[in-house]
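Examination of the molecular architecture
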Amino acid sequence: WLLAGGGGGGGGVPSSSTSAADEECVATALGHACHLISLMAKYSLLHLRFTPIPIASKSYMRDPSILATRSNAKDGSDFPL
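All of the points below concern the structure found in this document. (Residues numbered from 1 in each chain as written. Predicted model: local features only at pLDDT ≥ 70, side-chain atom pairs only at ≥ 80, totals over all residues. Heavy atoms only, no water.)

A short note on the overall build of the chain
Quick reminder of the rule: Helix and strand assignments come from DSSP, with helices taken as H or I runs of at least 4 residues and strands as E runs of at least 2, each series counted from the N terminus. Buried, partly exposed and exposed residues are distinguished by accessible area as a fraction of the type maximum, computed with a 1.4 Å probe on protein chains only: under 20%, between the cut-offs, and over 50%, respectively. For this analysis, residues touch if any pair of their heavy atoms sits within 4.5 Å. Surface accessibility follows the Shrake-Rupley procedure with a 1.4 Å probe radius. Residue values consider only the protein chains on display as shielding.
Scanning the chain from N- to C-terminus turns up two helices and three strands. Counted from the first residue to the last, the chain has its helices and strands arranged as α-α-β-β-β. Taking all 81 residues of the chain together, 15% fall into the buried category. Intrachain contacts of the chain at a sequence separation of at least 6 include 18% that bridge at least 24 residues. When the accessible area of the chain is evaluated, it comes to approximately 6300 Å², of which 63% is carbon and sulfur surface.

Here's the deal with a nonpolar patch on the surface
The condition that has to hold: Think of a patch as exposed residues, more than 30% relative accessible area, with no salt bridge, where like charges cluster within 9 Å and nonpolar side chains (Val, Leu, Ile, Met, Phe, Trp, Tyr) cluster within 5 Å. For this analysis, a salt bridge means a side-chain nitrogen from Lys or Arg found within 4 Å of a carboxyl oxygen belonging to Asp or Glu.
On the surface, Phe50, Ile66 and Phe79 cluster together to form a nonpolar patch covering roughly 240 Å² of accessible area. In this fold, isoleucine 66 is placed in the loop between β2 (60–62) and β3 (78–80).

Observations regarding unusual backbone geometry
What you tend to see is this: most non-glycine residues have negative phi, and most peptide bonds are trans. Even without a glycine there, the phi angle at leucine 45 is positive, about 60°. Along the chain, leucine 45 turns up in the loop between α2 (20–44) and β1 (51–53). For leucine 45, a relative accessible area of 76% gives the class exposed.

Here we look at the side chain of serine 59
Looking at the secondary structure, you find serine 59 in the loop between β1 and β2. Since its relative accessible area comes to 3%, serine 59 is described here as buried. Every residue in contact with serine 59, bar those within four places of it in the chain, is listed here: Gly31, Cys34, Ile53, Pro54, Pro80 and Leu81.

Details of the environment of leucine 39
When you line up the elements, leucine 39 lands in helix α2. In sequence terms leucine 39 and proline 52 are 13 residues apart; their C-alpha atoms lie 9.7 Å from each other.

Examining the sheet that holds β3
This is how it is decided: Should DSSP find at least two bridges between two strands, the strands are taken to pair. In this analysis, axes come from line fits to C-alpha atoms, helices being fitted only over the stretch in contact, and the angle between any two N-to-C directions falls in the range 0 to 180 degrees.
With respect to topology, three strands assemble into an open sheet ordered β1-β2-β3, the strand pairing being antiparallel. Single-partner strands in this sheet number two, and they are β1 and β3. The sheet shows a mean angle of 25° between the axes of neighbouring strands, direction not considered. As judged from the three bridges shared by β2 and β3, these two strands associate in the antiparallel manner. When the sheet's bridge partners are listed, arginine 62 is paired in β3 with aspartate 78. On the sheet, α2 packs against β1 and β2 and is oriented at approximately 135° with respect to β1.

What follows is the structure, encoded as structure tokens:
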């Protein structure tokens, strides 16, 4: 609804002059989508190539094919949404 232009604004894609509240709203929507994908994969018994890690607005995808070393152990294989 929000990304489809239902928010009363112009279009559905955020422009370069977005406010912090808009960015938080988009991050929250992506977090909900990540959670939905992880639940759908779990109940469908599907193995996803990238593991979704749903943490509300700070969700990210993890690539298990990248080996974690000491230099990139924190975020070398994690990709924020």
